[in-house]
Amino acid sequence: MKPAPTHSYPGLNLGRRHAGAHKATEVVTFGFWVFLMSDLVYFGLMFGVYITMIDAQAGGPGPHELFDLYSIFAQTLILLTSSLTVGLAMLALKYNLPRGRIVLWFAVTLLLGLSFLVLEIRDFMSMADKGGIPQRSGFLSAFYGLVPLHGLHVAAGCVWLVVLGIQLRVMGMTDLVVSRMVRLALFWHFLDLIWIGIITIVYFGGLTYG
Amino acid sequence: MTAAESGFFGRLNWEAFPIAGLIQDPNTNEIVANAAAGVVIVGVVAVLGLLTWFRLWGPLWRDWLTSADHKKIGIMYVVFAIVMLARGVLEGVVMRAQQAAGPGEGFLEAKHFAELFSTHGTIMIFFVAVPFVFGLANFLVPLMIGARDVAFPVMNQISLGLTVSAGMMLMVSLVVGEFSTGGWTAYPPYTGAAFNPGVGPDYWIWAIVVSGIGTTLTGINFAVTIYKLRAPGMKFMRLPMYCWTIICSSILIVFAMPPLGVAALLLAADRYLDFHFFTNDLGGNMMNYANLFWLFGHPEVYLLVLPAYGIYSEVFATFSAKRLYGYNSLVIATMSIAVLSFTVWLHHFFTMGQSALINAVFGIATMLIAIPTGVKVYDWMATLYRGRIRFSVPMLYGLAFLMLFVIGGLSGVILANPTVDYQVHNTLFLVAHFHNVLLPGVLFGLLAGYNYWFPKAFGFRLDEAWGRISVVLWTVGFMLTFLPLYFVGLMGMPRRSYSWEDPSFHPYMITAVIGALVILAALLSVVVQLWVSIRNREQTRVPVGDPWDARTLEWSIPAPPPPYNFAIIPRVTDRDDFAAAKERGAAYPHPDRYEDITIPRNTSIGFVLCVLSGVWMFALVWWIWWLAALVTVMMILSFILWTFQTDTEEVVSAEDVRRQHEAWLDLVRNATPVTRDHEGAPENTGLARPDLEAAT
Amino acid sequence: MDRHSELHRRERRRYVIGYGSSLLLTLAMFATVHWFGIETRGVYLTIGLLGLAQLIVQLVYFLHIDRRRSSREDLDLVLFSTLVLLIIIGGTVWILGNLAMRMHMPVV
């Protein structure tokens, strides 16, 4: 069987099945890109707010007391690996590998996403133990306005994974489900990009300038 | 009471209803407040009663509320905008009356006056201008680019639902509790919990957040629609000018709504969770808010005015019977304005204390915008030049716009100079300036578009005579109300003052209130025009669909258009394709064969989310936590459940399409062509006799 | 079938290359902090550049943004978004930094 010509989106193999569905998926995927860019502005502004509030610690605990770089390192590796696994799921989809393989890679991604969230929440709790709660200072407000926002996105991605799993079961590998998988993969990669911004600006930037 | 210890009804109690205030202390202020609440209640009861009386619930539900047809969604947007416009205008009249009462006089309390200017601004921007602009865009864009619907019809319905439910919150705030007194910009720390613990700012926050989400989805929808769904041959440089302005406006939404969401949500975090983004203590910085708000606020005014420019471009071309002059330069100017609008936000807070260098940079960037805008004005005038001009209602709005908007634009250039701005900021000069761009710029454009495209939407023309009366009333009313404000502004009268002492302001204030009454009459004339037009609709029907000898694709189909818009998707070979086809004598082609057409099926998800988001906002405003949590879960679940639906489209069979289309083609064949001079006559059934002399 | 698996292998290699380089860049980032501390501007500049490099790697290898015709639209969109972001974040930091300085608040 001949695969579709290389497409811009991972896993876009609808061309062979149904030309109309391919066009529809292209439109939806482009729309999702536009949405992601709008979301990116949200994050960008929160980064801006954080940068302007690094110094607003009001005598409360600062980055040096609060940030645990070992945990951040672990979270970074987990999220990066999940970005790879979601990519492998897309490849499995694109090259018509057995459905079990696709589900497997998605399941691994979900597991990694959940462990990322567990680590992140543990971080927040240990910060709170040291007095690092958002009510303490402008700096901490900005931190808690940004990092949990990313966590919320990851959580939404996990819910999405579960829902897609159910839909795969109920509806089968329809064009609609495939198109949603493509978008989910985009979303997941996007979240890893934001995370790179977070470690660079929030954690390392906070430690350097805070 | 703190947020944590609020009970079953949160902080909602008897005192929240305005009638309580009237009983405790009857005075004029309370009477006005209760009258407003009464109007809302009577209005709602009357609408519900009429719907029941005429047994319209079924059709309303089937044909409108659950429809995913972009044309119906567009019409619902416009209806909503006009209802909100009525409230906004009335508030304006009450405010002008208060200020006209004389030095130290007046019938309203300061707090009530502050609520009025806050709701007036919020309503006019978010619930009149935005829904009116995107209502027209909804109706028009797919028709103009030769598409069957927008890219995401159901998301479109959800956008409408969120916008309407947010607007309803402003109505609810009249009856339960109070609205914010912090102006439409809601600057903290005044709107923070420390100074303003009541529900007012919360109503503002959630209305803004929810309508902002709706608008963002609309922006995504239209950017993708124009980018991806153009008919074959419709290259970018063949797009009607209006579509160019909508795509720029959509891009502005995508990038400029997030700052508003961030500003409002961070303010909510301060108020609800005791964060310190904008508070006075513990490192909060209210200047951050001004910065975020205007990162949104400035692109916002361009995302409103660009589509109006687009409407004027279409109107001037059609009613001058000429091609639009300088199409390329208009496209470039539109895009330049869109990009430049992201570089000028600081001019809204020149006086906040940053260095002269920063003020100068942003001042110059602001003045730069006058260049592409000037290009546009000259292009429009050149379109008129030696055209075969008909002074129809849209054209009259356009001419009023050209003259008045230049004044408003130039006063903007004056304000762009930081040294001048230091003198007149926060005075009525500013109020005069932005009303001078928003009324002749945006509102006149929308009304021109309403008059121009009404026959396309409903199949009959609006009454010309009442339309002309309307134009005169709006124009005169605008000039009487707002031009005097330039002068009192220069004399130093601060904006948003419920009372003043300097007697030399009085004559200006009297003039302004007379103007406000004329504007009220203008609003009534719009209603009368609609009423008269509906009554006389049998004499003004235009089923063929081209009453104005117009130029773009939407006029090449029946009026009102069928649900699938185009029986056959057109192949575009020219800019102003329909005008070119008429000149060649190739309009109304007879298709060789028909195909099945899929259109989006009705769905109730938009309505469900509209209701749920309304309850959600109300619960949050009144701290009814259990309800807020419940509704959050319900919203997520109903959305997820909706994603399980697969049966989202229905098919119109080729046979049905053929039957309807051929019936219409017969109508075209039997209609009498009408020249431009007889557009207003009953024999105009929508078939134009092209004026070849003027076309060459 | 051969061509099929050949393409598959090639694309999988792209993902693995993306993953490997991201991993290396991440390690370099944390190693820099570990060995050189984080107090100085020079170290932070290095970290910032490493972060930027990783962003680009992931855009190219995971999100397939490049100059190929099929992804030109996405590239345009990403570039325009970057422009807007630079304007608004840069402007925000410039304005509020200047205000903080003039109000003798701690300088960012």
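Residues numbered from 1 in each chain as written. Chains lettered and ligands numbered in written order. Predicted model: local features only at pLDDT ≥ 70, side-chain atom pairs only at ≥ 80, totals over all residues.

Some remarks on the overall build of chain B
Then step 1. In terms of regular secondary structure, chain B is built from 21 helices and 2 strands.
Then step 2. Against the compact-globule benchmark of 26 Å for 696 residues, chain B has a radius of gyration of 25 Å, which places it among compact chains.
Then step 3. Projecting the C-alpha coordinates of chain B onto the three principal axes gives extents of approximately 75 × 55 × 45 Å.
Then step 4. Burial statistics for chain B: of 696 residues in total, 54% are counted as buried.
Then step 5. Taking the intrachain contacts of chain B between residues at least 6 apart in sequence as the baseline, contacts between residues at least 24 apart amount to 82%. (Helix = DSSP H or I, 4+ residues; strand = E, 2+ residues; numbered from the N terminus. Rg over C-alpha atoms; globule rule 2.2 N^0.38 Å. Buried ≥ 20, exposed ≤ 12 C-beta atoms within 10 Å, placed from the backbone. Contact = placed C-beta atoms within 7 Å.)

Observations concerning the overall build of chain A
Then step 1. Helix and strand counts for chain A come out as 6 helices and 0 strands.
Then step 2. Tracing chain A from N to C terminus, the helices and strands come up as α-α-α-α-α-α.
Then step 3. For chain A, the spread of C-alpha atoms along the principal axes amounts to about 65 × 30 × 25 Å.
Then step 4. Pairs at least 24 apart in sequence give 81% of the contacts found in chain A among residues at least 6 apart.

Topic: the interface of chain B and chain A
Then step 1. Counting residues at the interface gives 31 residues for chain B and 30 residues for chain A.
Then step 2. At the level of secondary structure, the elements contributing two or more residues to the side of chain B that touches chain A comprise helix H7 (200–228), helix H8 (241–273), helix H9 (286–320) and helix H19 (625–643) of chain B.
Then step 3. Classifying every residue of the side of chain B that touches chain A by side-chain character gives 20 nonpolar, 9 polar and 2 charged. (Nonpolar A, V, L, I, M, F, W, Y, C, P; charged D, E, K, R; others polar.)

Some details on the interface of chain A and chain C
Then step 1. On the chain C side, the residues contacting the 41 residues of chain A number 39 residues.
Then step 2. Those elements giving two or more residues to the side of chain A that touches chain C turn out to be helix H1 (19–53), helix H3 (69–94) and helix H6 (175–209) of chain A.
Then step 3. Counting residues per element, the side of chain A that touches chain C draws most heavily on H1 of chain A, which supplies 12 residues.
Then step 4. Classifying every residue of the side of chain A that touches chain C gives 27 nonpolar, 11 polar and 3 charged.

Re the nonpolar core
It is characteristic of soluble globular proteins that their nonpolar side chains tend to be buried jointly.
Then step 1. If you look at the biggest cluster of nonpolar residues, it comprises 288 residues, and the most contacted ones within it are Val34, Tyr50 and Ala89 of chain A together with Trp206, Ala207, Cys243 and Ala263 of chain B.
Then step 2. In terms of residue count, the dominant contributor to this core is H9 of chain B (22 residues).
Then step 3. What Trp206 of chain B contacts, discounting residues up to four positions off in sequence, is Met169, Met617, Leu620 and Val621 of chain B.
Then step 4. The next biggest cluster of nonpolar side chains, apart from the first, holds 7 residues, and it includes Phe460, Val542, Ala559 and Leu687 of chain B. (Core = buried A, V, L, I, M, F, W, Y, C linked by C-beta atoms within 7 Å.)

Observations concerning the environment of Gly102 of chain B
Then step 1. Tracing the backbone shows Gly102 of chain B in the loop between helix H4 (70–100) and helix H5 (110–145).
Then step 2. Through-space distance from the C-alpha of Gly102 of chain B to that of Glu501 of chain B is 8.1 Å; in sequence the pair is 399 residues apart.

Digging into the packing of H3 of chain A against helix H4 (residues 99–129) of chain A
Residues and elements named next belong to chain A.
Then step 1. Interaxial distance between H3 and H4 falls to 8 Å at its minimum, and their mutual angle equals 160°. Accordingly, the angle class assigned to the pair H3 and H4 is roughly antiparallel. The hand of the H3/H4 crossing is left-handed.
Then step 2. For the contact of H3 with H4, the residue count by class is 15 nonpolar, 8 polar and 3 charged. (Axes fitted to C-alpha atoms, helices over the stretch in contact; angles between N-to-C directions. Parallel < 35°, antiparallel > 145°, perpendicular 65-115°, else oblique. Left-handed = near helix turned anticlockwise from the far one by under 90°.)

Considering the domain arrangement of chain B
Residue and element names in this part refer to chain B.
Then step 1. Its domain assignment divides chain B into domain 1 (1–55), domain 2 (56–603 + 648–695) and domain 3 (604–647).
Then step 2. Its C-alpha centre places domain 1 at a distance of 31 Å from the equivalent point of domain 2.
Then step 3. Taken together, the 15 residues of domain 1 in the interface contact 13 residues of domain 2.
Then step 4. Within the side of domain 1 that touches domain 2, the residues separate by chemical class into 11 nonpolar, 3 polar and 1 charged. (Domains from an automatic or database assignment.)

A closer look at the environment of Pro299 of chain B
All names here are of chain B.
Then step 1. For Pro299, the location among the structural elements is in helix H9.
Then step 2. When the C-alpha positions of Pro299 and Ser341 are compared, they lie 5.2 Å apart, and in sequence the two are 42 residues distant.
Then step 3. Here Pro299 is in contact with Leu252, Ala256, Ser341 and Phe342, once residues within four sequence places are set aside.

Quick look at the confidence of the model for chain A
Then step 1. Summarising the model, chain A shows a mean pLDDT of 89, and 90% of its residues fall at 70 or more.
Then step 2. Note that pLDDT drops below 50 for residues 1–17 of chain A; the model gives that stretch 41 contacts with residues more than four away or on any other chain. (pLDDT = per-residue confidence, 0-100.)

Digging into the packing of H6 of chain A against helix H2 (residues 41–61) of chain C
Then step 1. The geometry of H6 of chain A relative to H2 of chain C is characterised by a closest axis approach of 10 Å and an angle of 180° between their N-to-C directions. Taken together, the axes of H6 of chain A and H2 of chain C are roughly antiparallel relative to one another. Contacts between H6 of chain A and H2 of chain C involve His189, Asp192, Leu193, Ile196, Thr200, Phe204 and Thr208 of chain A from the first element and Tyr44, Ile47, Gly48, Gly51, Gln54, Leu55 and Gln58 of chain C from the second.
Then step 2. Looking at the contact of H6 of chain A with H2 of chain C, its residues break down into 6 nonpolar, 7 polar and 1 charged.

A closer look at the confidence of the model for chain B
Then step 1. Averaged over all residues, the pLDDT of chain B is 94; the fraction at 70 or higher stands at 98%.
Then step 2. Quick note on the complex model: pTM equals 0.94, ipTM equals 0.93.

A few points about H7 of chain B
Then step 1. Under the 1.5 Å per step criterion, the end-to-end length of H7 of chain B is 42 Å for 29 residues, consistent within 8% with the ideal 42 Å.
Then step 2. When you tally the buried positions in H7 of chain B, you get 26 out of 29 residues, the bulk of the element. (Expected span 1.5 Å × (residues − 1).)

Observations concerning unusual backbone geometry
Residue and element names in this part refer to chain B.
Then step 1. In this structure, the amide linkage connecting Pro188 to the following residue, Pro189, adopts the cis form with an omega of 5°.
Then step 2. With respect to the helices and strands, Pro189 occurs in the loop between helix H6 (153–175) and H7.
Then step 3. In this model, Ala559 is joined to Pro560 through a cis peptide bond whose omega is -10°.
Then step 4. Looking at where Pro560 falls in the secondary structure, it is placed in the loop between helix H16 (506–535) and helix H17 (577–584).

As for H6 of chain A
Residue and element names in this part refer to chain A.
Then step 1. The terminal C-alpha atoms of H6 lie 49 Å apart, and with 35 residues this matches the ideal 51 Å at 1.5 Å per residue to within 8%.
Then step 2. Considering bend angle alone, the principal kink of H6 is centred on Ile198 and spans about 30°.
Then step 3. For H6, the buried fraction is high: 29 of the 35 residues fall into the buried class. (Bend = angle between axes of the 7 residues up to and from the residue.)

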